[in-house]
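Architecture at a glance
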Amino acid sequence: MSATQTSDVPTLLVKIFGKDRPGITAGLFDTLAAYSVDVVDIEQVVTRGRIVLCALVTEPPHGLEGDLRATVHSWAESMKMQAEIISGLGDNRPRGLGRSLVTVLGHPLTAEATAAIAAKITKAGGNIDRIFRLAKYPVTAVEFAVSGVETEPLRTTLVTDAAALGVDVAVVAAGLHRRAQRLVVMDVDSTLIQDEVIELFAAHAGCEEQVAEVTAAAMRGELDFEQSLHARVALLKGLDVSVVDKVRSEVRLTPGARTLIRTLKRLGYQVGVVSGGFTQVTDDLKERLGLDFAQANTLEIVDGKLTGKVTGEIVDRAGKARLLRRFAAEAGVPLSQTVAIGDGANDLDMLNAAGLGVAFNAKPVVREAAHTAVNVPFLDTVLYLLGVTREEVEAADAHEES
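Calculation notes
- Residues numbered from 1 in each chain as written.
- Predicted model: local features only at pLDDT ≥ 70, side-chain atom pairs only at ≥ 80, totals over all residues.
- Heavy atoms only, no water.
- UniProt positions renumbered as here; feature names shortened; annotations may be inferred.
- Pairing = 2+ DSSP bridges.
- Helix = DSSP H or I, 4+ residues; strand = E, 2+ residues; numbered from the N terminus.
- Axes fitted to C-alpha atoms, helices over the stretch in contact; angles between N-to-C directions.
- Contact = heavy atoms within 4.5 Å.
- Core = buried A, V, L, I, M, F, W, Y, C linked by side-chain atoms within 4.5 Å.
- Buried < 20%, exposed > 50% of the residue type's maximum accessible area, 1.4 Å probe, protein only.
- Salt bridge = Lys/Arg side-chain N within 4 Å of Asp/Glu carboxyl O.
- Phe/Tyr/Trp six-rings, centres within 6.5 Å; stacked < 30°, edge-to-face > 60°.
- Parallel < 35°, antiparallel > 145°, perpendicular 65-115°, else oblique.
- Left-handed = near helix turned anticlockwise from the far one by under 90°.
- Nonpolar A, V, L, I, M, F, W, Y, C, P; charged D, E, K, R; others polar.
- Expected span 1.5 Å × (residues − 1).
- Arc of directions from axis to C-beta.

As annotated in an unreviewed UniProt entry, the protein carries the name phosphoserine phosphatase and comes from Streptomyces pharetrae CZA14. Per UniProt, the protein carries the Sequence similarities (unreviewed entry) text "Belongs to the HAD-like hydrolase superfamily. SerB family." In its Cofactor (unreviewed entry) section, UniProt records this for the protein: "Mg(2+)".

What follows is the structure in structure tokens.
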């Protein structure tokens, strides 16, 4: 009868720690093999060249435990390592109901912030089962596997004070769905790109300051988006169509944008953009970046000039959420498996409709309402919220180059 079938089978926890080198894991289990033990659990962590290897094994046949202990200690000493062996019963205690993954991003990640997050998890009734580093640059990202508390109350507890701690925190339910195909939909202006496209057009029309003032008020939620759109576009009347190519060349992608999209596509995800900007730019981005979906407003052009009007369906706050649902249906992805990323008030409906809404360097009203916030200027940090590590991204890039 194995230890996995009952909780009262005697077991030994064998812990080895010291300087890491090749052959330690094989050496330990080769030593244990002489005593006919079964492996119940293994965990190994290497940090700055120091290894901690834990093996939970069944108790050896009667009368051999003392010999096993002496042999393991002798082997460890020969490897210039330390050993600790603890007797007990069975496997790890069952994890509590409720499974969540808590991703913490810090730039830097301080001990104070880490302590506060851990304390909040405990206070909420959760237990930290495992901690794993996802990235060490351009931000430090770690993932806590938590059990014993439901995802929504845990998210509320942790996200509330994250900004004050100088970290970004995302809380998602653990499970198979995290590995399923997803749809990621992004806002464009100040999210996928660093610019506000209408301001780029306005610079060529000599009305950049006027347009910027209206844009800022709209993003803060102080103005109706559709009214502000018409007011701003009217200022562009008479611009030559040649300005479109100039604006396309002026657009600056947000740092990490190409890495994010390239990695998502490798994972089999579908990626789209929705924008209160203009198809004259988003269609170009769709082609350049290999996006699956793109929707925006369209500047009307007559006789080679901008008329100061837009045509077709207006993409506003409600429109972005509607398009997220449409893209999800076309992609065959449940809404719960969608991720939306945006920065302005007109993104809020989309962020709230998605399975995971990410406020990216967003206005306060957006940060407070979204599921989570990212406040570093690297768009590819969103990958860490999906459990993708920096090492995996770099390995995939290196493989592609070779």
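Read on, since the account is not over.
Where strand β11 (residues 293–302) and strand β12 (residues 305–311) come together, 4 bridges link them in antiparallel fashion. Residue pairing across strands places I301 opposite L306, the latter belonging to β12. Between β11 and β12, which pair antiparallel in sequence order, lie 2 residues; one of them, D303, sits at a positive phi of approximately 55 degrees.

A separate point is the sheet that holds strand β9 (residues 183–186). Pairing in this open sheet of 7 strands is mixed, and the strands run β12-β11-β10-β9-β13-β14-β15 from one edge to the other. Each end of this open sheet is capped by a strand with a single partner; those strands are β12 and β15 (372–374). Within this sheet the neighbouring strands show an average axis-to-axis angle of 25 degrees, counted without direction. With 4 bridges joining them, β9 and strand β10 (residues 270–278) adopt parallel strand pairing. Bridged to V185 within β10 is G272. Here helix α8 (residues 225–234) sits on the sheet and contacts β10, β11 and β12; the angle it forms with β12, its principal contact strand, is near 170 degrees.

Time to look at the pairing of strand β6 (residues 127–135). One ladder, built from 7 bridges, connects β6 with strand β7 (residues 140–147); its direction is antiparallel. Across the sheet, R130 pairs through a bridge with A145, a residue of β7. The hairpin turn running from β6 into β7, its antiparallel successor, is 4 residues long.

What follows covers the nonpolar core. Ranked by size, the top nonpolar core spans 63 residues in total, and within it M186, L192, F201, L236, F278, L285 and I341 carry the most contacts. Of the residues forming this core, the biggest block, 5 residues, is contributed by helix α6 (residues 197–205). Contacts of F278, omitting those with residues within four sequence positions, involve V197, I198, F201, L229, V233, A296, N297, L299 and V310. Among the nonpolar cores identified, the runner-up in size contains 22 residues, and F327, V366, A370 and A373 belong to it.

Now for the pattern of salt bridges. Per the stated rule, a full pass over the model turns up 18 salt bridges. D240 serves as the salt-bridge partner of K305, at 3.5 Å between the closest nitrogen and oxygen. Separated by 65 residues along the polypeptide, K305 in strand β12 and D240 in the loop between α8 and α9 (243–250) bring together distant segments of the chain. You can call K305 partly exposed: its relative accessible area is 38%. The partner of K363 in a salt bridge is D343, with the nearest N and O atoms 3.0 Å apart.

Pairing in this open sheet of 4 strands is antiparallel, and the strands run β6-β7-β5-β8 from one edge to the other. Only two strands of the sheet have a single partner each, and these edge strands are β6 and β8 (167–173). Each strand of the sheet is rotated relative to its neighbour by a mean of 20 degrees, with strand direction disregarded. Relative to β8, strand β5 (residues 99–106) runs antiparallel, the two sharing 7 bridges. Across the sheet, S100 pairs through a bridge with A173, a residue of β8. Across the sheet, helix α4 (residues 151–159) lies against β5, β7 and β8, angled at about 175 degrees from β8, the strand it touches most.

Applying the stated criterion to the full structure yields 2 aromatic pairs. Considering the side-chain rings of F201 and F278, the 6.0 Å spacing of their centres and the 85 degrees angle between planes classify their relative orientation as edge-to-face. On the criterion of sequence distance, the pair formed by F201 in helix α6 and F278 in strand β10 is long-range, its members being 77 residues apart. One exposure class covers both F201 and F278, and it is buried. Aromatic pair F293 and F327: ring centres 4.7 Å apart, planes at 15 degrees, arrangement stacked. Note that F293 is positioned in strand β11 and F327 in helix α12 (residues 317–331), a separation of 34 residues in sequence. Just as F293 is buried, F327 falls in that class too.

Assignment of secondary structure puts G387 in the loop between α15 (382–385) and α16 (390–401). C-alpha separation for the pair G387 and D347, spaced 40 residues apart in sequence, amounts to 24 Å. Setting aside its immediate chain neighbours within four residues, G387 contacts L134, E143, R178 and E392.

Once that is clear, we can look at the packing of α6 against α9. The geometry of α6 relative to α9 is characterised by a closest axis approach of 10 Å and an angle of 130 degrees between their N-to-C directions. Here α9 runs oblique to α6, going by the angle between their axes. Once α6 is placed against α9, the crossing between them reads as right-handed. In this structure, α6 contributes V197, L200, F201 and H204 to the contact, and α9 contributes V243, V244, K246, V247 and E250. Of the residues in the contact of α6 with α9, the class split is 6 nonpolar, 1 polar and 2 charged.

With that settled, consider helix α3 (residues 111–123). Here α3 contains 13 residues, and its C-alpha end-to-end distance of 18 Å stays within 8% of the 18 Å for a straight helix at 1.5 Å per residue. All of the buried residues in α3 are A113, I117 and I121. In an axial view of α3, the angular spread of the buried residues amounts to 75 degrees, which keeps them on one side of the axis. Looking at α3, the residues exposed on the side facing more than 90 degrees away from the buried face are A111, E112, T122 and K123. Against the buried residues of α3 lie β5, β6, β7, α4, α5 (162–165) and β8. Downstream of α3 by a residue or two, G125 has a phi angle that is positive, lying close to 95 degrees.

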